[in-house]
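# Structure at a glance
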Amino acid sequence: MRTFFTEGTVFVCIILVCLQTVNGWTPPSFCRGYVCPEYRLVHAYENFEERFYNTSHWAITEIEDTDTGTLIAAYNKLDAYINGANELSQKIPPANPVAVTILKSDSGEEDRYFVSLYVPPDTSFPKPTDSTIEEFTIPAGTIFVRVFGGRPSVSNWLDNLEKLEEDLQSAEKQYNPLRQMALDYDSPLKLFYRHDEVWISEA
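The structure displayed is predicted, hence computed values, not measured ones. (Residues numbered from 1 in each chain as written. Predicted model: local features only at pLDDT ≥ 70, side-chain atom pairs only at ≥ 80, totals over all residues. Heavy atoms only, no water.)

### What about the nonpolar core?
- Counting 29 residues, the largest nonpolar core has A59, Y81, V115 and L168 as the members making the most contacts within it.
- Elements represented by at least two residues in this core include exactly β3 (56-63), α1 (68-82), β4 (98-103), β5 (112-119), β7 (141-148), α2 (154-170), β8 (175-184) and β9 (196-202).
- The leading source of residues in this core is α1, at six residues.
- C36, A99, Y118 and I143 belong to the second largest nonpolar core, which has 18 residues in total. (Core = buried A, V, L, I, M, F, W, Y, C linked by side-chain atoms within 4.5 Å. Buried < 20%, exposed > 50% of the residue type's maximum accessible area, 1.4 Å probe, protein only. Helix = DSSP H or I, 4+ residues; strand = E, 2+ residues; numbered from the N terminus.)

Structure below.
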């Protein structure tokens, strides 16, 4: 069962299940027993990781802002979709994580925000009954990842995205500053030993 919590964040309510293996790849423990995007660790730096991710697919919907109510409504819409609100009334297997994507503009326009749910590999994507939900693909490639915990909030996500950018600049890494993601793998009630991530793609 999945749910939301306060502080303008999107979270996953985890019920531990047996660890799954997909195509010979065993998801790491922070996936909390769910299937999650498959990757290969390229290098672990002091404050971030460089990972190579396989192509991944997401159910995504755009939002106007990151207020609590807006995030809750977006998540509930996506949750309804994977639980059968589609043209086939088909349920999609639950997976991790939930993500908020920020598309920044370099032309002075306002930033755009999206909430998305990861869709497991080899899963069909039936047409949603809600036309604001779309399929989104992240192509295979290198992603820089900062792992963190602490108080779950949007401000914490933004702070860690800023720190990741600083670390990438210090390491002289080439990255795309216009698309950033914050991902949650844990229950909103879990305050200790959390696993949250922010992602920035290689340029």
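Once the structure has been displayed, the description carries forward.
### Re the state of the cysteines
- As enumerated under the stated definition, the model contains one disulfide in all.
- With its sulfur 1.8 Å from that of its partner, C31 forms a disulfide with C36. In this structure the cystine formed by C31 and C36 twists about its S-S bond by roughly 50 degrees; its chirality is therefore right-handed. Each member of the pair, C31 as well as C36, carries the same accessibility label: buried. (Disulfide = S-S within 2.5 Å.)

### Some words on the pattern of salt bridges
- Per the stated rule, a full pass over the model turns up nine salt bridges.
- When the shortest N-O distance is used, the salt bridge between R146 and D167 registers 3.5 Å. Here R146, found in strand β7, pairs with D167, found in helix α2; they are 21 residues apart in sequence, far enough to count as distant. Across the pair, exposure class does not vary: R146 and D167 are buried alike.
- In this structure, the salt-bridge partner of R194 is D196, at a minimum N-O distance of 3.1 Å.
- Salt bridges sharing partners connect three or more residues here, namely E49, R51 and E197. (Salt bridge = Lys/Arg side-chain N within 4 Å of Asp/Glu carboxyl O.)

### Some words on the confidence of the model for the chain
- On average, residues of the chain score 87 in pLDDT, and 87% of them reach the 70 mark or higher.
- Across residues 1-22, where pLDDT falls below 50, the model places 92 contacts with residues more than four positions away in sequence or in other chains. (pLDDT = per-residue confidence, 0-100. Contact = heavy atoms within 4.5 Å.)

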